[in-house]
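# A closer look at the structure
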Amino acid sequence: MADVSIRNVRKSYGKTEVVHGVSLDIPDGTFVAILGPSGCGKSTVLRMIAGLETITAGEIAIGGQVVNALEPRERGCAMVFQNYALYPHMTVADNIGYALKVAGVAKAERRRRVEEAARTVELTEFLDRRPGQLSGGQRQRVAMARAIVREPKVFLFDEPLSNLDAKLRAAMRLEIRRLHNRLKATSVFVTHDQAEALTLADLVVVMNAGTIEQIASPRDLYRHPASRFVAGFIGSPPMNMMPGVITAGGGVEIAGGGRLAIDLDDFDIEIGRAVDVGMRPEDVILDSRMQDAAATGQPALAFTAELTEELGATRLIYGKSGARDFAIAMPASSPQLPHGQVTRVHAAPARIHLFDQTTGLSLRNVARAQAQ
């Protein structure tokens, strides 16, 4: 296999630049997910790696070789597309082995590699069928076998699960990860679905408007978002966000009423600075005993319950804190909050996030966070 190095890559269509100086290192054998909303440039980056899009500026290297001027077939990449891209008149075996046939691989060797790839994705019994006789999940496995049979340096996945229903997407995620674990291949997986990215990848690259917002492991991405965008894009429901001002004594005053305790040493901030304050719904602590928190001076926010969603093991409570929408995630065994009930909420200081109101960047002290 091979590592992939992307250096200050840009892509323009006419005068419109859609990818703005992206740099990324993908170690050999790593499963990387490029995650972001529609139009952020993630598929364009993937297609530039594959050679299906020209690079306006910058450099891409695969296995130490710069591939900017190489044709797609010369780059050692195999791509799995969203729409499968299978030939409907060919059998599964012929679809899997088509690239080998075009390359002039001998028939016996071609048959051996097709059968081996089919075994890898559990399609052996379907080799004589045509795509129209297969389910969506089986067609996607044919597309993966067609990539495997080429024995590529890098696997590229362009939203391959988007056409499947939710249950089948979950099953195919597991199959793709098992396949990666068996082949130990370098894999780049583009998706707009955070569940796919966080469950599949060793490393997640979050893109927004043609730039990279953050590169991190799934856990670090969720617990330590580098920007307000990442904090809001990752997580369902997204992070609660509200404006505030840093006060003396280790606190942040929330606009519209309420106060939260923070550890000032955790952030690169000064007293009086305006910030955006974030809390994950599952980090919110709700305690009916805090009704008198305002009178005692205990830092907390008022919360008014409006809607409850029962999700089996989890209960989501939606409502308002001041004039802002606010969500709380709790175990289903926790007490229910009737519509209109007012209580007070807070979070542990280590679970509170602060962001610069102008740049949107996290204000967390990086060196201190790494030490912890």
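The structure presented is a predicted model; accordingly, all values stated were derived computationally and were not measured. Along each chain, residue indices are assigned from 1 in the same order as the chain's sequence is written. Residues qualify for local features only when their pLDDT is at least 70, as the model is predicted, and side-chain atom pairs are given and counted only at 80 or more; totals for whole chains, interfaces and linings, by contrast, use all residues. Only hydrogens and water are set aside; all other atoms, that is, all heavy atoms of the structure, feed into the side-chain values.

Looking at where Leu86 falls in the secondary structure, it is placed in the loop between strand E6 (77-80) and helix H2 (92-102). Type-normalised accessible area, obtained with a 1.4 Å probe on protein chains alone, sets the label of each residue: buried when under 20%, exposed when over 50%, and partly exposed for intermediate values. Accessibility expressed as a relative area gives 16% for Leu86, which makes it buried. Helix numbering and strand numbering both begin at the N terminus, where a helix is a DSSP run of H or I of at least 4 residues and a strand a DSSP run of E of at least 2.

Here we come to the side chain of Lys42. Inspection of the secondary structure assignment puts Lys42 in helix H1 (residues 42-50). At a separation of 3.0 Å, a polar atom in the side chain of Lys42 contacts the main-chain carbonyl oxygen of Pro37. Setting aside chain neighbours within four positions, we find Lys42 in contact with Ile34, Leu35, Gly36, Pro37, Glu159, Val190, Thr191, His192 and Met207. Pairs of N or O atoms within 3.5 Å make up the polar contacts considered here, provided that, within protein, one atom can donate a hydrogen while the other can accept it, and that residues adjacent in sequence are counted only when both atoms are side-chain atoms. It only takes one pair of heavy atoms within 4.5 Å for two residues to be counted as in contact.

In this section: the nonpolar core. For soluble globular proteins, nonpolar side chains are generally found buried alongside one another. One finds Ile96, Met144 and Ile176 to be the most contacted residues of the largest nonpolar core, which totals 44 residues. Looking at this core element by element, the count peaks at 6 residues for helix H4 (residues 136-148). Apart from the residues within four sequence positions on either side, Met144 is in contact with Val80, Val121, Phe157, Met172, Ile176 and Leu179. Counting residues in each nonpolar core, the second largest holds 27 residues, with Ile6, Ala50, Ile62 and Val205 among its members. Among buried residues, the Ala, Val, Leu, Ile, Met, Phe, Trp, Tyr and Cys ones that are joined through side-chain atoms within 4.5 Å form a nonpolar core.

This part is about the pairing of strand E18 (residues 324-331). Where burial is concerned, most of E18 is hidden: 6 out of the 8 residues are buried. Being paired, for any two strands, means DSSP has found at least two bridges between them. With 8 bridges connecting them, strand E17 (residues 314-321) and E18 associate as antiparallel partners. When the sheet's bridge partners are listed, Tyr318 is paired in E18 with Ala327. Between E17 and E18, which pair antiparallel in sequence order, lie 2 residues; one of them, Gly322, sits at a positive phi of approximately 65°.

For the rest of this paragraph, the subject is the sheet that holds strand E20 (residues 352-356). With respect to topology, 5 strands assemble into an open sheet ordered E13-E12-E11-E14-E20, the strand pairing being antiparallel. The sheet is open, and its two borders are formed by strand E13 (259-261) and E20, each paired with just one other strand. Mean inter-strand twist for the sheet, computed between neighbouring axes without regard to direction, equals 40°. Pairing of strand E11 (residues 240-247) with strand E14 (residues 274-279) involves 6 bridges; the strand directions are antiparallel. For Val245, the partnering residue across the bridge sits in E14 and is Ala274. Geometry is summarised by axes, namely lines fitted to C-alpha atoms with helices restricted to the contacting stretch, and by angles between N-to-C directions that run from 0 to 180 degrees.

So, to be careful, I would describe these as geometric facts and stop short of saying anything about function.
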